[in-house]
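Architecture at a glance
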Amino acid sequence: MAHYKSFMIARQDAASTRSETVFDTYRDVIERNGGRLDMIEMWGVKSLAYRIKRNRKAHFALLDIDAQPAAMAEMERQIETSEDVLRVVTLRVEDPAPEPAPMAGFLDDRRDNDGALSALQTELNAYSHTILDELRQLNAYIEARS
């Protein structure tokens, strides 16, 4: 079986639970054809850069799929007839990455409410001040030598 990554954009007017069922229907299609859907990363509702089929926002999801090419062809055929999926990009991946996509970590960081991001920002500010101090000392040293 080949490994695929499929990135889907579904209509926003579908409730979030309905958008998950939209993606679950494609899980059924893949499993009926002998494949398996390893993971669905729901990225949530995001604004689109431009309107697609009169939609300004959409649900984004990344799917990890292990399936035969025939199963992928059937899934893409059903996506073409669906009104809920606005866009889809499917890529065959030779060596699948075991960790989640970088966007998933970014979303988790943004949802983090315990102050970890503010602590990281404070640490980065302190580090940048240290670098600036060292650059000032280096500049003073160069000016003194010339």
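Here's a quick rundown of the structure. (Residues numbered from 1 in each chain as written. Predicted model: local features only at pLDDT ≥ 70, side-chain atom pairs only at ≥ 80, totals over all residues. Heavy atoms only, no water.)

**Examining unusual backbone geometry**
- Within the chain, K53 stands out as a residue other than glycine whose phi angle is a positive 50°.
- Looking at the secondary structure, you find K53 in the loop between β2 (36-52) and β3 (55-67).
- Take K53: its relative accessible area is 55%, and that puts it in the exposed class.
- Unlike most non-glycine residues, R54 shows phi in positive territory, near 65°. (Helix = DSSP H or I, 4+ residues; strand = E, 2+ residues; numbered from the N terminus. Buried < 20%, exposed > 50% of the residue type's maximum accessible area, 1.4 Å probe, protein only.)

**Examining the packing of aromatic side chains**
- What the rule picks out here adds up to two aromatic pairs.
- Relative to W43, the ring of F7 has its centre 5.3 Å away and its plane inclined at 50°; by these criteria the two rings are tilted. With F7 in strand β1 (residues 2-11) and W43 in strand β2, this pair connects stretches of sequence that are 36 residues apart.
- Seen in terms of ring centroids, F7 and F60 are 5.7 Å apart; in terms of plane orientation they differ by 50°. Their pairing is tilted. With F7 in strand β1 and F60 in strand β3, the pair connects residues that are 53 residues apart, well separated along the chain.
- Grouping aromatic residues by their ring pairs yields a cluster made of F7, W43 and F60. (Phe/Tyr/Trp six-rings, centres within 6.5 Å; stacked < 30°, edge-to-face > 60°.)

**Some words on the environment of D95**
- One can find D95 in the loop between β4 (85-93) and α3 (102-111).
- For D95, a relative accessible area of 67% puts it in the exposed group.

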